Amino acid sequence: MHKDIQCILCPYKKERDCSIHDKCYSLSNIYYGTLCKHFPFRQIDNLKMDYDWKMEEKHSKKMKRKYGDYTLENDEIKFVWGIIGTGELSGKQPNLYTMNDIEIIYHKKEKRYYLDIETAYLFQTSDEECRFLRDCLSYFSNFMDENGLSKMKPYNLFMSRPDINMAAESLEELYTNFRLFVDGFCLQNRAT
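The following refers to the structure shown. What you see is a predicted model, and the numbers here were worked out from it, not measured in a lab. (Residues numbered from 1 in each chain as written. Predicted model: local features only at pLDDT ≥ 70, side-chain atom pairs only at ≥ 80, totals over all residues. Heavy atoms only, no water.)

The strand order across the open sheet built from four strands is β1-β2-β3-β4, with neighbouring strands paired in antiparallel fashion. Bordering the open sheet on either side are β1 (77–84) and β4 (167–168), each of which pairs with just one other strand. In this sheet, β4 lies alongside strand β3 (residues 112–117) in antiparallel orientation, the contact comprising two bridges. Residue pairing for β4: Y114 is matched across the bridge by A167. (Pairing = 2+ DSSP bridges. Helix = DSSP H or I, 4+ residues; strand = E, 2+ residues; numbered from the N terminus.)

A few words on the packing of aromatic side chains. One pass over the full model with this rule turns up 12 aromatic pairs. Taken together, a centroid distance of 5.5 Å and an interplanar angle of 40 degrees make the contact between F123 and F132 tilted. On the basis of an interplanar angle of 20 degrees and a centroid distance of 6.4 Å, the ring pair of F178 and F181 is categorised as stacked. One end of the pair, F178, and the other, F181, are both in helix α5 (residues 171–191), three residues apart, so they sit about a helical turn from each other. Under the relative-accessibility criterion, F178 is labelled buried at 0%. (Phe/Tyr/Trp six-rings, centres within 6.5 Å; stacked < 30°, edge-to-face > 60°. Buried < 20%, exposed > 50% of the residue type's maximum accessible area, 1.4 Å probe, protein only.)

Moving on: the state of the cysteines. Put plainly, two cysteines are in a disulfide when a covalent bond ties their sulfur atoms together. Overall, the coordinates contain one disulfide when judged by the stated rule. Between the sulfur of C130 and that of C186 lies a disulfide, 2.5 Å long from S to S. Where C130 bonds to C186 through sulfur, the torsion about that S-S bond is close to -135 degrees, and the disulfide is left-handed. Within this pair, whereas C130 is found in helix α4 (residues 126–146), its partner C186 is found in helix α5, the two being separated by 56 residues in sequence. (Disulfide = S-S within 2.5 Å.)

Following this line, the structure appears as structure tokens:
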């Protein structure tokens, strides 16, 4: 929900950062904090949750029939590769639904690869952050080697829009972008 709609009842809505106040008057807080506790809102919310759950189950069954293992592929995306995160307790192999330290997802409609890294870790020092990123880069390098993919694709700087994007049309381009990101991040932290 957009902030201007969600915060329609908030006296602080015109302020740039309203999080400094003790109480939030957003519609979701009013609904879930007050209204949802009372009849008929509680029953409506329970029905909606049941409906959402049944729709998710129906979708999962359809994807399982269509792709076999729906945790690896659905109509929109396909899990390409990943390294299971240290916080993942399911004991399953990396897939779309596990917490992975690093993962590559292919978006079918966009025809692009997306790289995600887990950022929910709290490191004590910037050296630990760099070590984590360098470990992820090392895992990615091993994946590239095992699949016979080039790690030497040059970065396209001129006649392009320079940015370090975690989305690319090829795995080689994605690797180059991530390598530049890791090197730049670690160099920046060393310089400060």
